[in-house]
Amino acid sequence: MPELNPFESAQLQLDEAAARLGLDQATRALLRCPMREYRMMLPVKMDSGAVRVFPAHRVQYNWARGPTRGGVRWHADETIDVVRALAAWMTWKCAVVNVPFGGAKGGVICDPTHMSAGELERLTRRYTANIIEILRPDSDVPAPDVNTNERVMAWIMDTYSMHKRHTVTAVVTGKPIEMGGSHGRREATGRGCMIVTREALKKAGMPIEGTRVAVQGFGNVGSISATLMAREGMKIVAVSDKDGGLYDPAGLDLPDVLEHVRQHRFLRTYTKADHITNAELLLLDCDVLVPAALENVITSKNAADIKAKIITEGANGPTTAKADAILAEKGVHVVPDILANAGGVTVSYFEWVQDRGGYFWDEEMVNQRLERIMVESFAAVADMADKHGVTMRTAAYMVAINRVAAVHRLRGMYA
Ligand code: NAD
């Protein structure tokens, strides 16, 4: 079997869960593809005065349970199949934590590391204007993803509000706190990864204190997961960014690494740990591996050599279907992406609720509610896995697809 592209993997995961659930053919067909896709070309005036044209997408996968919600990423190697897969995963992710959203994803194919702040702002505003008809707090709500952040969300919210002639904070989540963002949102995905890792360790009968963790990707998800796991007593032995990683079997001094990144942006100039490649990081002798960078990094080529006993998928789609089968065979516990990184969408939901209600919660309340949802969602997936003798990934899909399919059945077919 050839390695599947991310969307084919997403469809295969759906098929597997649907077969176990005995899902009817019509619902299955409906859930196998996006409800709506937009593709566009964005002309952007560069600082040099030249105009460059960037391909862009927005895929709304399924809105049965509520407004579609999902990140936008600015990335050079993006393809429509990746965006479709991410939109599908977002649908299942919202369902697995039972927040009343559907799933979407968007992206612009560009290399933001070679663009100025002004160029990125013009690109963001043009992207927003191009999809203005489909954005709305009750229809489609973007959020941050790879290479997009609070500042990008602020530009989207401002562009949208200028067009609507009034301020609409709930059109986007992951905003700065000063303009309707939620306390705890920036840390939410990493916090969720930490919570499910802790639950997985408990379930496997492994200690939390001193558990050795390797984290690939040192952006929002990776750096915050690492920080919060260290705070729980786990030992972070490796972290990496796109150029490679740092390794210290005695545990990295995370505050020092974070400070280095704050000052120098990348890990490559850090001198107080050994340097390793991203490929080496995945195969390190550790207890927990947290892939928190990009998709398809754990493949049939390296899965058999992975030594971690638990993999917490901070990134979306880091494991290919073939690799998944190898890991299951080896008895590696994979906490699947749609559960492991659902803390972000959960607090996005809290942000949306706060914006719409005009009443804001403190960080303690956000974190308490996130904790409860993550623990309950982990337990629901673990129960499904135990009951049906399936992996946590298949179980997560079963929980999620069951919920989306139930709503389709209740709503019926408008034909
Ligand atoms: P980010 O841009 O903040 O960080 C990405 C990190 O990955 C950076 O350290 C970057 O250097 C590194 N990286 C990039 N290419 C790499 C490569 N080829 N090999 C190794 N490292 C590489 O992005 P993020 O928000 O942390 O997102 C990371 C992953 O988590 C993505 O898959 C994203 O879809 C997923 N995710 C993010 C959120 C969120 O709230 N930010 C929520 C759910 C899922």
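Since the structure is predicted, the reported quantities are computational estimates derived from the model, not experimental observations.

### Topic: the side chain of D15
- Mapping D15 onto the fold places it in helix α1 (residues 6-21).
- Residues in contact with D15, not counting those within four places in the same chain, are R28 and R32.

### Comments concerning the environment of I109
- When you line up the elements, I109 lands in strand β4 (residues 102-109).
- It is 9.8 Å that separates the C-alpha atoms of I109 and V53, two residues lying 56 residues apart in sequence.
- Dropping the residues within four chain positions of it, I109 is found in contact with F54, P55, H57, H75, A76 and E78.

### What to know about the domain arrangement of the protein chain
- What the domain assignment lists for the protein chain is domain 1 (31-181) and domain 2 (186-340).
- Put simply, the middle of domain 1 and the middle of domain 2, counted by C-alpha atoms, are 27 Å apart.
- Taken together, the contact pairs 13 residues of domain 1 with nine residues of domain 2.
- Across the domain 1 to domain 2 interface the summed buried area is about 950 Å²; carbon plus sulfur atoms make up 59%.
- At the junction of domain 1 and domain 2, the tally comes to two salt bridges.
- Here domain 1 and domain 2 share three residue pairs in polar contact (both at pLDDT 80 or more) between them.
- Residue assignment for the side of domain 1 that touches domain 2 shows that the elements contributing at least two residues are β3 (68-75) and α3 (80-96).
- A total of six residues in the side of domain 1 that touches domain 2 trace back to one element, the largest contributor, which is α3.

### Here we look at the site of the ligand
- Every one of the 23 residues lining the ligand counts as a neighbour, but T189, F218, N220, V221 and N316 are closest to it.
- Contact between the ligand and D145: an oxygen atom at 3.2 Å from a side-chain N or O atom of the residue.
- At a separation of 3.4 Å, an oxygen atom of the ligand approaches a polar backbone atom of N147.
- Burial of the ligand by the surrounding chains reaches 83%, relative to a free accessible area of 830 Å².
- Broken down by secondary-structure element, the contributors of at least two residues to the shell around the ligand are α6 (185-203) and α7 (220-231).

### A few points about α6
- With 19 residues, α6 should cover 27 Å at 1.5 Å per step; its first-to-last C-alpha distance of 27 Å lies within 8% of that length.
- At R191, α6 shows its largest kink, close to 25°.
- In terms of burial, α6 is a largely internal element, 15 of the 19 residues being buried.
- Of the residues flanking the end of α6, it is G205, one or two places downstream, whose phi is positive at about 70°.

### Thoughts on a nonpolar patch on the surface
- On the surface, a nonpolar cluster with roughly 290 Å² of combined accessible area is contributed by M41, V51 and V53.
- With respect to the helices and strands, V51 occurs in strand β2 (residues 51-62).

### So, the sheet that holds β3
- On the basis of which strands lie adjacent, the open sheet formed by five strands has the order β1-β2-β4-β3-β5 and mixed pairing. Only two strands of the sheet have a single partner each, and these edge strands are β1 (36-45) and β5 (140-144). Neighbour to neighbour, the strand axes of the sheet diverge by 25° on average, direction disregarded.
- Bridge analysis of β3 against β4 gives six bridges, and the strand direction is parallel. In the strand pairing of β4, T68 is matched with G102.
- Helix α4 (residues 117-130) rests against β1, β2, β3 and β4 of the sheet, and its axis sits at about 140° to β1.

### Points about the nonpolar core
- Core analysis: the biggest nonpolar cluster contains 89 residues, and W92 and V239 have the highest contact counts within it.
- With 13 residues, α3 is the single largest residue contributor to this core.
- Taken domain by domain, the makeup of this core includes at least three residues from each of domain 1 (31-181) and domain 2 (186-340).
- Residue contacts for V239: discarding those within four places in its chain leaves V215, F218, G245, L246, L252, L254, V257, L267 and L281.
- Core analysis: the next-biggest nonpolar cluster, separate from the first, contains 27 residues, V108, M153, W155 and V171 among them.

### So, the pairing of strand β10 (residues 288-291)
- Side-chain alternation along β10 places V288 and V290 on one buried face and L289 and P291 on a second face that is also buried.
- Pairing of strand β6 (residues 212-216) with β10 involves four bridges; the strand directions are parallel. Within the sheet, the bridge partner assigned to Q216 lies in β10 and is P291.
- By the bridge criterion, two bridges tie β10 to strand β11 (residues 310-312) in an arrangement that is parallel.

### Quick word on the packing of aromatic side chains
- Following the criterion strictly, the structure yields seven aromatic pairs and no others.
- Judged by centre distance (5.7 Å) and plane angle (90°), the rings of F101 and Y349 are edge-to-face. Pair noted here: F101 is in the loop between α3 and β4 and Y349 is in helix α12 (residues 343-357), with a separation of 248 residues, a long-range link.
- Given the relative accessible area of 1%, F101 is considered buried.
- The ring of F7 carries the charged tip of R84 above its face, separated from the ring centre by 5.8 Å.
- Here R369 stacks its cationic end above the ring of W361, 4.4 Å away from the centre of that ring.

### Here's the deal with the side chain of T394
- Within the secondary structure layout, T394 lies in helix α14 (residues 392-411).
- Among the residues examined, T394 registers a relative accessible area of 10% and is labelled buried.
- The contact partners of T394, leaving out residues within four places of it in the chain, are E16, A17 and R20.

So, how was this worked out
- Residues numbered from 1 in each chain as written.
- Predicted model: local features only at pLDDT ≥ 70, side-chain atom pairs only at ≥ 80, totals over all residues.
- Heavy atoms only, no water.
- Helix = DSSP H or I, 4+ residues; strand = E, 2+ residues; numbered from the N terminus.
- Contact = heavy atoms within 4.5 Å.
- Domains from an automatic or database assignment.
- Buried area = accessible area lost by both parts, 1.4 Å probe.
- Salt bridge = Lys/Arg side-chain N within 4 Å of Asp/Glu carboxyl O.
- Polar contact = N/O pair within 3.5 Å; in protein donor to acceptor, adjacent residues only side chain to side chain.
- Near = heavy atom within 4 Å.
- Areas by Shrake-Rupley, 256 points an atom, 1.4 Å probe, with all protein chains shown as cover.
- Expected span 1.5 Å × (residues − 1).
- Bend = angle between axes of the 7 residues up to and from the residue.
- Buried < 20%, exposed > 50% of the residue type's maximum accessible area, 1.4 Å probe, protein only.
- Patch = residues over 30% accessible without salt bridge, like charges linked within 9 Å, V, L, I, M, F, W, Y side chains within 5 Å.
- Pairing = 2+ DSSP bridges.
- Axes fitted to C-alpha atoms, helices over the stretch in contact; angles between N-to-C directions.
- Core = buried A, V, L, I, M, F, W, Y, C linked by side-chain atoms within 4.5 Å.
- Phe/Tyr/Trp six-rings, centres within 6.5 Å; stacked < 30°, edge-to-face > 60°.
- Lys NZ or Arg CZ within 6 Å of the ring centre and 35° of its normal.

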